[in-house]
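Residue-level listing of the chains:
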Amino acid sequence: ETGVTQSPTHLIKTRGQQVTLRCSSQSGHNTVSWYQQALGQGPQFIFQYYREEENGRGNFPPRFSGLQFPNYSSELNVNALELDDSALYLCASSLAAYLNYGYTFGSGTRLTVV
Amino acid sequence: GNSVTQMEGPVTLSEEAFLTINCTYTATGYPSLFWYVQYPGEGLQLLLKATKADDKGSNKGFEATYRKETTSFHLEKGSVQVSDSAVYFCALSSTGNQFYFGTGTSLTVIP
């Protein structure tokens, strides 16, 4: 059984640019969530996708957007990058019926905005 | 609202010492509670969970009991090893589609 895989592992972007991060969910998982983890902080919920629809969103501006594909993989897009967007972005997958039993997290994408 | 407060670190212990990391929470409804562990350069791994009051989660020698009366979910281990060095996050989920994490507690175990 494969886990959650994210790409790329590291990325450096310039302020104002756009970035796309990718996530392949664990086999059999149909729910994907994205979290932002700033240095020294706990992860903060960005949004969740279930059956290709957004199913909850945290306190992040609209320039953070996402997609989920029929194979349950997902993308996180961030427009007009700001320096404060520098963080580890974590993707997590779960079976919709078992959300309260925890997620499987990927290793993350480390985004640096300069 | 929902929030998690964790004991601040860093925590440094000698091998075989007893570990406690405190976690208290505020939640609407009846949350499930979790401990996640993050090793350097990696994502989060689920360590243990408890889905209702008085449940005890356990894994790899770690334990935590869901105490509704004190709104706590403290992590304990009787004898830590060097390999336990990591950052530990307490988390809750009320609705299932959003987890609320604490700020993390860094643990270093020295031989």
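Please read these numbers as outputs of a predicted model, since none were measured by experiment.

Draft legend 1. Representation of the overall build of chain B in the model. In terms of helices and strands, chain B carries zero helices and twelve strands. In chain B, the succession of helices and strands from N to C terminus is β-β-β-β-β-β-β-β-β-β-β-β. Radius of gyration (C-alpha) of chain B: 13 Å, near the 13 Å computed for a compact globule of 111 residues. Over its C-alpha atoms, taken along the principal directions, chain B stretches across nearly 45 × 30 × 20 Å. Per-residue burial over chain B gives 46% buried out of 111 residues. Residue pairs in contact within chain B that sit at least 24 positions apart in sequence constitute 56% of those at least 6 positions apart. Of the roughly 5100 Å² of accessible surface on chain B, 48% is carried by carbon and sulfur atoms. Charge separation in chain B, taken as the distance between the mean sites of 7 positive and 10 negative side-chain charges, equals 9 Å.

Draft legend 2. Main features of the state of the cysteines. All names here are of chain A. Within the structure shown, the criterion is met by two disulfides over all chains. Sulfur-sulfur distance for the disulfide between Cys23 and Cys91 comes to 1.8 Å. Sign of the S-S torsion, about -65° for the bond between Cys23 and Cys91, identifies this disulfide as left-handed. Of the two residues, Cys23 is situated in strand β3 (residues 19-24) and Cys91 in strand β9 (residues 87-94); the sequence distance between them amounts to 68 residues.

Draft legend 3. Geometry of the layout of surface pockets. Roughly 480 Å³ of volume is contained in the largest pocket. Forming the walls of the largest pocket are 26 residues, and the residues nearest its centre are Gln37(A), Leu39(A), Gly40(A), Gln38(B) and Val87(B). Looking at the lining of the largest pocket, the elements that each hand over two or more residues are β10 (86-93) and β12 (105-110) of chain B. Looking at the lining of the largest pocket element by element, the count peaks at three residues for β10(B). Per-class residue counts for the lining of the largest pocket are nine nonpolar, 14 polar and three charged.

Draft legend 4. Seen up close, the nonpolar core. Core analysis: the biggest nonpolar cluster contains 25 residues, and Trp35(B), Leu48(B), Phe73(B), Leu75(B) and Tyr88(B) have the highest contact counts within it. Per element, the largest residue contribution to this core is four residues, and it comes from β10(B). Beyond its immediate sequence surroundings of up to four residues, Phe73(B) is in contact with Cys23(B), Leu33(B), Phe34(B), Trp35(B), Leu48(B), Lys49(B), Ala50(B), Ala64(B), Thr65(B), Tyr66(B) and Cys90(B). Counting residues in each nonpolar core, the second largest holds 19 residues, with Val19(A), Tyr49(A), Leu81(A) and Leu111(A) among its members.

Draft legend 5. Local environment of the interface of chain B and chain A. Contacts between the two partners involve 20 residues from chain B, matched on the other side by 20 residues from chain A. Taken together, the two surfaces of chain B and chain A that pack against each other cover about 1600 Å², and 53% of this comes from carbon and sulfur. Linking chain B to chain A there are zero salt bridges. Remark: the boundary between chain B and chain A carries three residue pairs in polar contact (both at pLDDT 80 or more). Elements represented by at least two residues in the side of chain B that touches chain A include exactly β5 (32-38), β6 (44-50) and β10 of chain B. Element by element, the count of residues in the side of chain B that touches chain A is highest for β5(B), at four residues.

Procedures and definitions
Residues numbered from 1 in each chain as written. Chains lettered and ligands numbered in written order. Predicted model: local features only at pLDDT ≥ 70, side-chain atom pairs only at ≥ 80, totals over all residues. Heavy atoms only, no water. Helix = DSSP H or I, 4+ residues; strand = E, 2+ residues; numbered from the N terminus. Rg over C-alpha atoms; globule rule 2.2 N^0.38 Å. Buried < 20%, exposed > 50% of the residue type's maximum accessible area, 1.4 Å probe, protein only. Contact = heavy atoms within 4.5 Å. Areas by Shrake-Rupley, 256 points an atom, 1.4 Å probe, with all protein chains shown as cover. Lys, Arg positive; Asp, Glu negative; His and termini not counted. Charge placed at Lys NZ, Arg CZ, Asp CG, Glu CD. Disulfide = S-S within 2.5 Å. 1 Å grid on protein atoms, 1.4 Å probe; cavity = no way out; pocket = protein on both sides within 12 Å on 5 of 7 lines; lining within 4 Å. Points joined across faces, edges and corners; volume = space filled by probe spheres on them. Nonpolar A, V, L, I, M, F, W, Y, C, P; charged D, E, K, R; others polar. Core = buried A, V, L, I, M, F, W, Y, C linked by side-chain atoms within 4.5 Å. Buried area = accessible area lost by both parts, 1.4 Å probe. Salt bridge = Lys/Arg side-chain N within 4 Å of Asp/Glu carboxyl O. Polar contact = N/O pair within 3.5 Å; in protein donor to acceptor, adjacent residues only side chain to side chain.

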